[in-house]
Amino acid sequence: MLFRSQAREIVDKYEKAIEEATKSLSKENQSAIIEVDKILGVGFMSAVALVVSIGDPHRFRTSGEVKSYFGLTPSENSSGEKSCKGKITKTGNRFGRTILIELAQQATKPSHPLYPLYCQIRVKKSYNLAKTVVAGKLAQIIWRMLRDGTAFDIKELGVCMVKVPTQT
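Notes on the structure follow. Quick caveat: nothing in here was measured; it's all calculated off a predicted structure.

With respect to the packing of helix H6 (residues 115-124) against helix H7 (residues 127-148)
One way to put it is that H6 packs onto H7 with a least axis distance of 8 Å and a crossing angle of 145°. The hand of the H6/H7 crossing is right-handed. When H6 is examined against H7, the residues Leu117, Tyr118, Ile121 and Arg122 are found in contact with a partner set consisting of Tyr127, Leu129, Ala130, Lys131, Val133, Val134 and Lys137. In terms of residue class, the contact of H6 with H7 is made up of eight nonpolar, no polar and three charged.

Section: the pairing of strand S1 (residues 74-79)
Bridging between S1 and strand S2 (residues 82-88) involves five bridges; their strand directions are antiparallel. Bridge pairing in S2 links proline 74 to isoleucine 88. Linkage of S1 to S2, two consecutive antiparallel strands, is achieved through a turn of two residues, within which glycine 80 is found at a positive phi near 65°.

Here we look at H7
Between the first and last C-alpha of H7 there are 32 Å, a value that for 22 residues agrees with the 32 Å anticipated at 1.5 Å per step. One or two positions beyond H7, positive phi appears at glycine 149, with a value near 65°.

Structural notes on the environment of valine 133
Tracing the chain through its elements places valine 133 in helix H7. By relative accessible area, valine 133 is classed as partly exposed at 30%. Taking C-alpha positions, valine 133 is 9.8 Å from lysine 67, a pair spaced 66 residues apart along the chain. The contacts of valine 133, once residues within four sequence positions are left out, are Leu117 and Ile121.

Section: the pattern of salt bridges
As enumerated under the stated definition, the model contains six salt bridges in all. Put simply, aspartate 12 and arginine 8 hold a salt bridge, and the shortest N to O gap is 3.0 Å. Residue aspartate 12 and its partner arginine 8 are located together in helix H1 (residues 4-22), separated by four residues, close to a single helical turn. A residue is classified by how much of its surface remains accessible, and arginine 8, at 43% relative accessible area, is partly exposed. Of the charged contacts, one joins arginine 61 and glutamate 65 as a salt bridge, the two residues approaching to 3.1 Å between their closest N and O atoms.

Notes on the packing of helix H2 (residues 27-37) against helix H3 (residues 44-54)
It is the contact of H2 with H3, at a shortest axis distance of 8 Å, that shows an interaxial angle of 130°. Our classification of the angle between H2 and H3 gives oblique. Taken as a pair, H2 and H3 cross one another with a handedness that is right-handed. Only Phe44, Ala47, Val48 and Val51 of H3 make contact with H2, whose side of the interface consists of Asn29, Ala32, Ile33, Val36 and Asp37.

The rules behind the values
Residues numbered from 1 in each chain as written. Predicted model: local features only at pLDDT ≥ 70, side-chain atom pairs only at ≥ 80, totals over all residues. Heavy atoms only, no water. Axes fitted to C-alpha atoms, helices over the stretch in contact; angles between N-to-C directions. Helix = DSSP H or I, 4+ residues; strand = E, 2+ residues; numbered from the N terminus. Left-handed = near helix turned anticlockwise from the far one by under 90°. Contact = heavy atoms within 4.5 Å. Nonpolar A, V, L, I, M, F, W, Y, C, P; charged D, E, K, R; others polar. Pairing = 2+ DSSP bridges. Expected span 1.5 Å × (residues − 1). Buried < 20%, exposed > 50% of the residue type's maximum accessible area, 1.4 Å probe, protein only. Salt bridge = Lys/Arg side-chain N within 4 Å of Asp/Glu carboxyl O. Parallel < 35°, antiparallel > 145°, perpendicular 65-115°, else oblique.

Structure follows, in structure tokens:
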């Protein structure tokens with residue numbers, strides 16, 4: 001069984017190796033990692049993982065394709081005119097989806113820019129569904145940043161900032 005200090009040494013070793021590996025990435029990817037890292041709640045390691053997971057952002061035509069790539073789109077059961085949406089498909093990049101869901105946990109804090117979106121969904125639906133919606137929105141935001149080469153900007157990236165409903 002590893003002690004905390006031993007585990008910390010191992011983690012530090014791998015973090016340094018990842019930092020070194022990022023130096024071999026293109027300048028475009030390096031700057032993208034820096035920009036994604038600036039999003040509140042996203043750390044350097046998560047930024048590296050997501051930028052590398054998305055890869056070339058131009059291979060996706062729409063933001064919905066990015067959500068689908070990470071398996072964050074709802075399944076659908078259709079029959080005739082009746083259509084029923086179910087749980088997320090969980091197909092695609094499991095590692096990236098896990099990171100996005102964990103990052104969406106940060107949106108439960110009022111200081112997070114996606115907190116209003118989280119609250120809008122949370123009032124009507126479950127905690128986990130709200131986090132999943134935020135994770136999908138985060139994937140779309142990061143994809144747009146990579147595609148357009150822009151910094152994180154709520155207004156330009158189409159984040160739905162709504163008035164947080166008060167619960168009575």
